[in-house]
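Fold and geometry: a report
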Amino acid sequence: YTASEQMCVVQHILKLLACLLLLCHIFACLFYYVSDMAKSNANHSWTESEVGHLEAGDIASLYIASLHWSLTQATPASTNVNPANLAERIFATSVVLCGVIIFCGIVSSITSSFMHLRQVEQDRSRQFRLLRRFLREHEVPSVLGIRIIRFIEHLVDRQCQHVEESSVTVLR
């Protein structure tokens, strides 16, 4: 299990979280937009019920409330921001459907990444278990066996740091 593999998985997870946050930002802005359009059509909207809790005209607080709402649509979290008219309800329903699909995809991808890391670690552990068994069966003295294992660990770590041309199949 190499540091580079770990970094790839961490980068992949961070990219997924950044995409999720960007999507929630877009949903939050659209939810506010739908609310703003509803107010211009003389309909009651979620922003009017929130204004009592917020400073009048505080767009940052309304954005945070809208972002919080969008984050809760695909997770088991809760919020006190609720759609107050038909347009907001239709939009909220669409976001929930999209959110469930996207959230499931992200969770699946993160799980797959962790399973890959686990498989790499298990393969390495199995190889070193076999090496220790081989050394025991061939009655290699324990001090020499420890030195052999450390040397091979060093070689494996060096191999993981450098990619040999022969291991890149697309270059053949």
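Our subject is the structure listed above.
Quantities reported herein were computed from a predicted structural model and do not represent experimental measurements.

Re the overall build of the protein
Assigned secondary structure in the protein consists of 5 helices and 0 strands. Along the protein, helices and strands appear, N-terminal first, in the series α-α-α-α-α. The principal-axis extent of the C-alpha atoms belonging to the protein is close to 85 × 40 × 25 Å. Taken over 172 residues, the protein has a buried fraction of 25%. At a minimum sequence separation of 6, the contacts of the protein that also span at least 24 residues come to 64%. In the form shown here, the protein has an accessible surface area of approximately 12000 Å², with 63% of it arising from carbon and sulfur atoms. Taken together, the 14 basic and 15 acidic charged side chains of the protein have centroids lying 15 Å from each other.

Looking at the pattern of salt bridges
Inspection of the entire model under this criterion finds 1 salt bridge. A salt bridge links Arg133 to Glu137, with the shortest nitrogen-to-oxygen separation between them at 3.0 Å. Here Arg133 and its partner Glu137 are both found in helix H4 (residues 86–137), 4 residues apart, which amounts to about one turn of the helix.

Here we look at helix H3 (residues 59–72)
Along its 14 residues, H3 runs 20 Å from first to last C-alpha, staying within 8% of the 20 Å computed at 1.5 Å per residue. Regarding H3, the residues found buried are Leu62, Ala65, Ser66, Leu67, Trp69, Ser70 and Thr72.

Re the side chain of Thr72
Residue placement: Thr72 occurs in helix H3. A polar contact is formed between the side chain of Thr72 and the side chain of Gln73, at a distance of 3.2 Å. Residues in contact with Thr72, not counting those within four places in the same chain, are Ala77, Ser78 and Thr79.

Description of the nonpolar core
Listed in full, the 11 residues of the largest apolar core are Phe27, Phe31, Val34, Trp46, Leu62, Ala65, Trp69, Val81, Phe91, Ala92 and Val95. Breaking this core down by element, the ones donating at least two residues are helix H1 (3–40), H3 and H4. Once residues within four sequence positions are removed from consideration, Val34 is found in contact with Ala87, Glu88 and Phe91.

Comments concerning unusual backbone geometry
Positive phi outside glycine occurs at Glu139, with the angle close to 50°. Turning to its location among the elements, Glu139 is positioned in the loop between H4 and helix H5 (142–161). Here Glu139 falls in the exposed class, since its relative accessible area comes to 69%.

Digging into the environment of Tyr63
In this structure, Tyr63 sits in helix H3. Of the residues examined, Tyr63 reaches a relative accessible area of 29% and is grouped as partly exposed. In sequence terms Tyr63 and Gln159 are 96 residues apart; their C-alpha atoms lie 50 Å from each other.

Some remarks on the state of the cysteines
In total, this model carries 0 disulfides according to the counting rule given. Lacking any disulfide linkage, Cys19 is separated from the closest cysteine sulfur, that of Cys24, by 11 Å.

Rules used in this analysis
- Residues numbered from 1 in each chain as written.
- Predicted model: local features only at pLDDT ≥ 70, side-chain atom pairs only at ≥ 80, totals over all residues.
- Heavy atoms only, no water.
- Helix = DSSP H or I, 4+ residues; strand = E, 2+ residues; numbered from the N terminus.
- Buried < 20%, exposed > 50% of the residue type's maximum accessible area, 1.4 Å probe, protein only.
- Contact = heavy atoms within 4.5 Å.
- Areas by Shrake-Rupley, 256 points an atom, 1.4 Å probe, with all protein chains shown as cover.
- Lys, Arg positive; Asp, Glu negative; His and termini not counted.
- Charge placed at Lys NZ, Arg CZ, Asp CG, Glu CD.
- Salt bridge = Lys/Arg side-chain N within 4 Å of Asp/Glu carboxyl O.
- Expected span 1.5 Å × (residues − 1).
- Polar contact = N/O pair within 3.5 Å; in protein donor to acceptor, adjacent residues only side chain to side chain.
- Core = buried A, V, L, I, M, F, W, Y, C linked by side-chain atoms within 4.5 Å.
- Disulfide = S-S within 2.5 Å.

Just distances and angles here, no functional claims.
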